[in-house]
Structure formats: structure tokens, C-alpha cells
Amino acid sequence: MTAAPQLATAPVQLALEQRPEWTDWLRSQLDPQWRAGERDAEQWLFTGDLDSPRTSSSRCRTLRCDAIIRNPASFCNYCRDHRLKSGLPREEFAATFVPDRGQSLRGQVSGQCTITRDGIRCVRPQASNELCVAHTGSFRYHERLGTLDRWLRELVKPITEELICMVPECSGAAMNSRGLCNYHWRAWSAANRANPDPRVPAEQWASAQPPYLAAHQFTLKLLPELLRWEMRYALQQMDQWARVLEPHWVRGITRDLTDARTLLDDTNTARLNKPHQAAVRTLNNLTSAIHTGYALFTGATPADEDVIDLRVLGLRHAASGKRRQYPGTVDLRLIPQLWLRHALRHWVTTARPSTEDFKRTLRAARIASTALASRTDAGHDPAALTFTDASAVVDAFRTALRKDGTPYSSSHRRTLNGMFFQLIDYGRRTGSLDELAGPFTRVPAEHAIRIEEQDEDMLGKAIPEPVIRQLDAHLDTLGTGPTYGCRDIADDARHLLYRTLYTVLRDTGRRPLGSRLPPARLPADPPRPDHADLEQPQTQTPPTPPADHPGHHPGNPCLAGPP
């Protein structure tokens, strides 16, 4: 299995006559309730919920700081620098520090103009020396004439007309009669300097501009119409598998794609001005989602592909049950027998197994494919296979080796054998292997793979003694540092979770990815053979491993899970 960013099934450029239908299809697939509280559909503006664990942005950890930052439970640059100088612990600094920047945050104003007369204060925002733009100009004029004292005493008048920036959805106060806030005033001036002929009026320029975007915001308004709808659809699809939505990376991508034609263009990565790894990953995720949508639009399905994307298919992690987050493609053409390739593809697209079950079944299918390749017809005719061929496949599992040439454990070889024939049984039950010869089947009495005896001295030693001593000396620090996937767990609960998990692993000798503990039984339950419950399949999606799954370890209750 190899990692790859996206499927390459859709054309890079769309035919012009096909664009209207493609746009209509995208609009029909949009969920109006997708992040409804964070999205302004009319302005194409996304404002992430700072309290949601599904959005990466958050407020600065300092209680009295208004800065919005990219990462949760962190400090803004200003507070981080002052904390390092103070030497205070994070918690104490966050609770006691009061920021005094001396200047406003970008996109905000530091305060109201200080000019006051007869109890009435100027409503315009400060620009320089605690004065608004208009009063700053008058101040400098009278200062040059030497009439500053008279101006301050008799002539100055506060401005009472409050203006809001003309840019749609921008809540900033206008700096002057032009009707633009400080941020958009500078942007408009820069645009006119870059293209002075003809000079664009402020009203015309403002109508097409997005508001100032903080770390938790992005807008699709500046994208071409087709790309705008593609991005909206891709974001909705990506949000199903991504752990969190990162608005700052999406904002950078949309800024760099304003001259692109379509998100289906796999060369869009070259348009990124700052190809940070996270930005490239986000763009690849969006591209993968839109390729999948285009395949559905054209009538193609994953069952028709020999290169399949496991994330697009909705495979999930066995332990957490959560949908796969990272892309991963598998080239089924490595299995030359078309009937076996079709059976594997049909199973993964209909049964939706866990990623772990798919990896084991794929490995088993490749071992069986290699064994069948020694036949005269290389195993290409399923109707010609015999019981002898089934025995040859089992013999291949008995001697299966890892990629480094070392033999698999007997329990893992037994699991691979069971997974392959469960795949065959699933294909026969669902009709995808109707042409497969009946004699090609497993007979338990002849095709069993015995579990080798284990060294009792190794039982219960999943964690080496030196590591146990080191961890025991630092129990109070477990789960207190940066952790992944625990955004919605309180710090004290996370610490207790990690400490409890370690204690269980240490005292039982179990491995972190081992099989589940046997279900608890009440005293009234009838007696059952030891470990009988471990002989049941561990998953609900076919093919499910039989009693020879690695979760079944006769005489070894502490070791569980594949090697």
C-alpha cells in the first residue's frame, strides 16, 4: 500500500459545454446545514467556532488577551515572548498576565479618538497620537502654522457621524470619509499604487473585497464561480474525514488559486506561494474530494477502479471506529488474476472493512496470488481451479515471510489463511465469485495451521523492565504534555486516562494494540471454557477472522494481537 494524495481519474480541464452541468451537480450535493453556525453562505465567508474541537483556531491562552491564534491551548507571539521573559509557569502566566501592546491588533483599532468638547467625544477610531485621521491632519496643519493652542481651545470639534467600512461583512470603523477601515484603506491604496491607471474608486473596489480575515476565517468570494462551488463541495466532503478544519491553510490556498480554472487540476500545488507541508496536504485533500465527486458526476464508481483510495471508500480505524483521516491508495493491479482482483475490490467497496482488516486481507490475497501463479494458466481461469490449488495456497501461508525475509509468527500465518478464505466465502455469498470452481475451498481438517508453542518466559513482558522503572518515576507527567486526538478531554481527565492505561499495560503485560479484554461475566453465568469468547470474530464486517485470529492465544492470556 502506498500513500498518494488523490485519484487521477478526472480530466484536468473541463469541456466548456460540460461546466454548467458540473456546477449544477455540485450545488445539488451541498448540505445547507454543514457548519451552519460558522458559515455566511451569501458572502462565502467562513468564521470558525473558537470553542469547537473540530476547528483548529482558538483564543490565546492568556485570559485577558483578545488575540486569535492558529493552534489550541497556545499563546500568541506577544504573550509567548513575555512568558519566556517572565519565567512563570504556563498556568500562572495565563491567569495573571495583562497584555499592553501599545498598538492595536491587525484588523482592529486601538481605541477611540480622544478629541472631546462639551462632554461629546469623537467617534472615529484612533490613527496616530490618539487622534483619528481627520484630527491628525488638522493637528499637524495648525502645528505648522503655530496656531495649535487656539485650535485645541476654540476650533476643534469632535466628529459625531460614525461610519462603517464599505466592504461587505467588515465590521471595522471607517478611518475617514472614504468609508474604508484602516486595513482596507491600506489595501485599496496599495492596489491603486500597483495599477494607477485607471484609479479604481473606493466604492467600486470595496464591493468585491472580503472583510479582514483573522486566523479562524477564510472566504471563497474571490475565486472564479466554478472553482468556488468546487471548493465548497470539497470542504464539505473533506470535513467528514479530517480531524479538524484548519481555516488559516484554506485561506492561503484560496488566495493562491484566484487565477486557477478548476480544482480538478492536479498541478494546482505549483500555484502555492508558500508550499508548506500542511498547505500541500490540505490542497491534496481537497483535490482528492473533488476528483471523487467528479467520478460520481460522470457515473464512475470506486468498484470500477483498480487504484482505490481507502479514505474515499470510508474505511475506519478498528480501535476508534473513526473514519480514516489520511489518504492512502492501493494499486490492485499487483494481483494479476482478474477474478481475485475483482473479489477484493467488490469486498472493500461493499463491506467497508476497517483499515487493519483490509491490510491483512490484501496481504493474504497477494500471497495466494503468487501461489496460484505457478499453475500452467497462472490461476487466471477461476473455473479451472481445484482442491489441489487450494492446498497449494494454504502451503504458501504456512511458509509466508515478512518483507524483511523473516517468517511470520504461526498465529499471524493462521490469520492470513483465514482472511483469504473468508474473502472467498464472501464472494460466493454475494455472487461476485459465481464462476469460481466449487472444489477450490478450504477443508479445516487438512488446511489448518497450528499455533506454535510460546516461550513462557516472555509472557507479560510487553514493556521492558528499564522502561517500566523510568515510567514509574514520572507517573505525574503522563498525558500532561502535547497530545494528539485529545482536544475535547480536560487536562486532568487526560492525565488520569494516560496513567490508567499505562498501569493496565504494565500490570497485565498486554500490548497497546492487543485484542479486547474478555467481557465481564456475572456469577450466575453458566461456566464456559477458558478463552472461548476470544474465539469469536473481532469485527462485524466480512471477511471476519475465524478462531485462528491472533486475538486467540491458547494458554497465553497476556499476549494478544498480531506480532
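Since this is a predicted model, take the numbers as computed values, not measurements.

## What about the overall build of the chain?
Okay, step 1: On a plain count of helices and strands, the chain comes out with 17 helices and nine strands.
Okay, step 2: For the chain, the residues scored as buried account for 43% of the 563 residues in total.
Okay, step 3: Excluding contacts between residues fewer than 6 apart, the proportion of contacts in the chain whose partners are at least 24 apart in sequence is 61%.

## Thoughts on the side chain of Asp256
Okay, step 1: Within the element layout of this structure, Asp256 appears in helix α9 (residues 247–256).
Okay, step 2: Residue contacts for Asp256: discarding those within four places in its chain leaves Arg271, Leu272, Asn273 and Lys274.

## Quick notes on unusual backbone geometry
Okay, step 1: Positive phi outside glycine occurs at Arg35, with the angle close to 45°.
Okay, step 2: Counting through the fold element by element, Arg35 comes out in the loop between α1 (19–28) and β1 (39–40).
Okay, step 3: In this model, Ala378 sits at a positive phi of 60°, which is unusual for a non-glycine residue.
Okay, step 4: With respect to the helices and strands, the residue Ala378 is situated in the loop between α12 (355–372) and α13 (387–398).

## Overview of the nonpolar core
Okay, step 1: Of all hydrophobic cores here, the largest spans 40 residues; its most connected members are Trp339, Leu344, Phe358, Phe397, Phe420 and Phe440.
Okay, step 2: Counting only elements with at least two residues in this core, the list comes to α11 (338–351), α12, α13 and α14 (410–430).
Okay, step 3: Ranked by size, the runner-up nonpolar core spans 36 residues in total, among them Trp44, Leu220, Met231 and Tyr294.

## Some details on the pattern of salt bridges
Okay, step 1: Taken as a whole and assessed by the stated rule, the structure comprises 20 salt bridges.
Okay, step 2: Among the ionic pairs, Asp256 bridges to Arg255, the shortest N-O distance being 3.4 Å.
Okay, step 3: You can call Asp256 buried: its relative accessible area is 8%.
Okay, step 4: We note a salt bridge from Asp491 to Arg494, for which the minimum N-O separation is 3.0 Å. Here Asp491 and its partner Arg494 are both found in helix α17 (residues 491–508), three residues apart, which amounts to about one turn of the helix.
Okay, step 5: The exposure class assigned to Arg494 is buried, which follows from its relative accessible area of 9%.
Okay, step 6: Salt bridges here are not isolated pairs; linked through shared partners, they connect Arg35, Glu38, Arg54 and Asp239.

## A look at the confidence of the model for the chain
Okay, step 1: Summarising the model, the chain shows a mean pLDDT of 80, and 81% of its residues fall at 70 or more.
Okay, step 2: Considering only residues more than four positions removed or in separate chains, one finds that residues 1–12, a stretch of pLDDT under 50, has 38 contacts.
Okay, step 3: Low pLDDT (under 50) marks residues 515–563, which in the prediction has 90 contacts with non-local residues, meaning those over four places away or in another chain.

## A look at the packing of aromatic side chains
Okay, step 1: For the coordinates displayed, the defined rule picks out 21 aromatic pairs.
Okay, step 2: Site record: aromatic cluster; members linked through ring pairs are Trp22, Trp25, Tyr233, Tyr294 and Phe297.
Okay, step 3: When the ring centre of Trp249 is taken as reference, the NZ or CZ atom of Arg70 above it lies at 5.3 Å.
Okay, step 4: A cation sits over an aromatic face here: Arg228 above Trp44, 5.2 Å from the ring centre.

## Focus: the packing of α1 against helix α8 (residues 225–238)
Okay, step 1: Relative to each other, α1 and α8 sit at 35°, their axes nearing to 9 Å. The two elements α1 and α8 meet at a crossing, and its hand is left-handed. Every residue of α8 that contacts α1 at Arg19, Trp22, Thr23, Trp25, Leu26 and Arg27 is listed here: Leu226, Trp229, Glu230 and Tyr233.
Okay, step 2: Along the lines of polarity and charge, the residues of the contact of α1 with α8 split into six nonpolar, one polar and three charged.

## Side note on the environment of Trp205
Okay, step 1: Checked against the element boundaries, Trp205 lands in helix α7 (residues 202–206).
Okay, step 2: Considered as a pair, Trp205 and Val167 are 38 residues apart in the sequence and their alpha carbons are 8.6 Å apart.
Okay, step 3: The contact partners of Trp205, leaving out residues within four places of it in the chain, are Val167, Leu180, His184, Ala187, Trp188, Ala191 and Val200.

## Concerning the packing of α12 against α13
Okay, step 1: Their axes nearest at 9 Å, the elements α12 and α13 cross at an angle of 125°. Viewed along their axes, α12 and α13 adopt a mutual orientation that is oblique. Considering the relative orientation of α12 and α13, their crossing is right-handed. For the pair α12 and α13, contact is made by Ala364, Ile367, Ala368, Ala371 and Leu372 and by Asp389, Ala392, Val393, Ala396 and Phe397, respectively.

## Comments concerning the sheet that holds strand β2 (residues 45–47)
Okay, step 1: Judged by pairing direction, the sheet is antiparallel, and its three strands sit side by side in the order β1-β2-β7 without closing on themselves. With one partner strand each, in any of the chains shown, β1 and β7 (217–219) form the two edges of the open sheet.
Okay, step 2: Strand contacts of α9: β2 and β7, with the helix running at about 25° to β7, the strand carrying the most contacts.

## A look at the state of the cysteines
Okay, step 1: Considering all chains together, one arrives at zero disulfides under this definition.
Okay, step 2: Its sulfur unpaired, Cys113 is 3.9 Å from the next cysteine sulfur, which belongs to Cys132.

## Comments concerning the environment of Leu88
Okay, step 1: With respect to the secondary-structure elements, Leu88 resides in the loop between α2 (77–86) and α3 (90–96).
Okay, step 2: Not counting the four nearest positions on each side in its chain, Leu88 is found in contact with Arg83, Phe93 and Thr96.

## Digging into α13
Okay, step 1: Counted at 1.5 Å a residue, the expected span for α13 with its twelve residues is 16 Å, and the 17 Å between its end C-alpha atoms agrees.
Okay, step 2: When we look at burial in α13, the residues that qualify are Asp389, Ala390, Ser391, Val393, Val394, Ala396 and Phe397.
Okay, step 3: Considering only its buried residues, α13 is in contact with α12, α14 and α15 (444–447).

About the criteria used
Residues numbered from 1 in each chain as written. Predicted model: local features only at pLDDT ≥ 70, side-chain atom pairs only at ≥ 80, totals over all residues. Heavy atoms only, no water. Helix = DSSP H or I, 4+ residues; strand = E, 2+ residues; numbered from the N terminus. Buried < 20%, exposed > 50% of the residue type's maximum accessible area, 1.4 Å probe, protein only. Contact = heavy atoms within 4.5 Å. Core = buried A, V, L, I, M, F, W, Y, C linked by side-chain atoms within 4.5 Å. Salt bridge = Lys/Arg side-chain N within 4 Å of Asp/Glu carboxyl O. pLDDT = per-residue confidence, 0-100. Phe/Tyr/Trp six-rings, centres within 6.5 Å; stacked < 30°, edge-to-face > 60°. Lys NZ or Arg CZ within 6 Å of the ring centre and 35° of its normal. Axes fitted to C-alpha atoms, helices over the stretch in contact; angles between N-to-C directions. Left-handed = near helix turned anticlockwise from the far one by under 90°. Nonpolar A, V, L, I, M, F, W, Y, C, P; charged D, E, K, R; others polar. Parallel < 35°, antiparallel > 145°, perpendicular 65-115°, else oblique. Pairing = 2+ DSSP bridges. Disulfide = S-S within 2.5 Å. Expected span 1.5 Å × (residues − 1).

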